[in-house]
Amino acid sequence: MSKGFFITFEGMDGSGKSTQIEILKKRLESNGEDVIFLREPGGTPISEKIREIILDKGNSEMTDVTEMLLYAAARAQLVEEVIAPALRAGRTVICDRFIDSSIAYQAYGRELGDCVSAVNSYALGGIMPDLTILLRSDANLGETRIRDREKDRIEMAPDSFKDRVCRGYELIEKADPDRVVGIDARDTVENISSRIWDEVESRRGEA
Ligand code: TYD
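The following refers to the structure shown. (Residues numbered from 1 in each chain as written. Predicted model: local features only at pLDDT ≥ 70, side-chain atom pairs only at ≥ 80, totals over all residues. Heavy atoms only, no water.)

### Things to note about the site of the ligand
Argument step 1. Taken together, 15 residues form the shell around the ligand, and within it Asp13, Lys17, Arg97, Ser102 and Gln106 come nearest.
Argument step 2. At 2.8 Å, a side-chain N or O of Tyr71 approaches an oxygen atom of the ligand.
Argument step 3. At 2.7 Å, a side-chain N or O of Gln106 approaches a nitrogen atom of the ligand.
Argument step 4. Here the ligand has 550 Å² of accessible area as a free molecule, and 92% of this is covered by the chains.
Argument step 5. Taken atom by atom, the bulk of the ligand overlaps the largest pocket.
Argument step 6. When contributions to the shell around the ligand are tallied by element, the ones reaching two or more residues are helix H2 (45–55), helix H3 (64–88) and helix H4 (99–109).
Argument step 7. Looking at the shell around the ligand, the element that brings in the most residues is H4, giving four residues. (Near = heavy atom within 4 Å. Polar contact = N/O pair within 3.5 Å; in protein donor to acceptor, adjacent residues only side chain to side chain. Areas by Shrake-Rupley, 256 points an atom, 1.4 Å probe, with all protein chains shown as cover. 1 Å grid on protein atoms, 1.4 Å probe; cavity = no way out; pocket = protein on both sides within 12 Å on 5 of 7 lines; lining within 4 Å. Sits in = over half its atoms within 2 Å of the grid points. Helix = DSSP H or I, 4+ residues; strand = E, 2+ residues; numbered from the N terminus.)

Structure follows, in structure tokens:
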């Protein structure tokens, strides 16, 4: 049984996850805490290689099922190699995206449905986040924020895909309100970060 605490961040591209993760990281580190920060897809040498294949714009012929399996493969490696041992050792793990990204992007965005959670049950090895911070935004807010940077293969998907991802996140939040805390990404950076801090503090207190 895991003793550590597992926090994931979720949201559309451009929802401000990176900024908030950086703030939380600084805060925990200044408290002298032993925290591991990871990102998906990635976080191990094998998972980083899989990430390159998935996000490569040159791989335009990649099928939706291949994409879904690659995300799950990268996750399986990350869970077994890094997340599970860290939690067993009682550490706090923070991950930029996790299973909910596959549900939102592949099950809803790519419309692959229930097979996504079925496949991912092998990747998760029984591990689920204790707390998921969902930065709620619509497809347009994200689009404005990422307009000026070079887009990867997923960010180049059409608006209809992004609308489905957004809807997917809404349903994930509704389905699991104890774990998933939705915060309006339009709020100020300060308000969002203090809300996140409150959640982290109170949840870890209960754990
Ligand atoms: P990344 O550059 O890390 O995006 P961000 O900074 O917004 O997190 O790229 C990850 C992309 O992969 C992002 O567009 C979301 C997508 N993704 C999925 O489609 N399914 C998944 O399971 C995961 C983890 C990510």
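### Regarding empty space enclosed by the protein
Argument step 1. Taken as a whole, this structure holds two cavities of 30 Å³ or more when the rule is applied.
Argument step 2. Put simply, the second largest cavity is a space of about 40 Å³.
Argument step 3. What lines the second largest cavity is Gln20, Ile23, Leu24, Arg27, Ser193, Ile196 and Trp197.
Argument step 4. Where the lining of the second largest cavity is concerned, the elements lending two or more residues are helix H1 (17–30) and helix H8 (189–206). (Points joined across faces, edges and corners; volume = space filled by probe spheres on them.)

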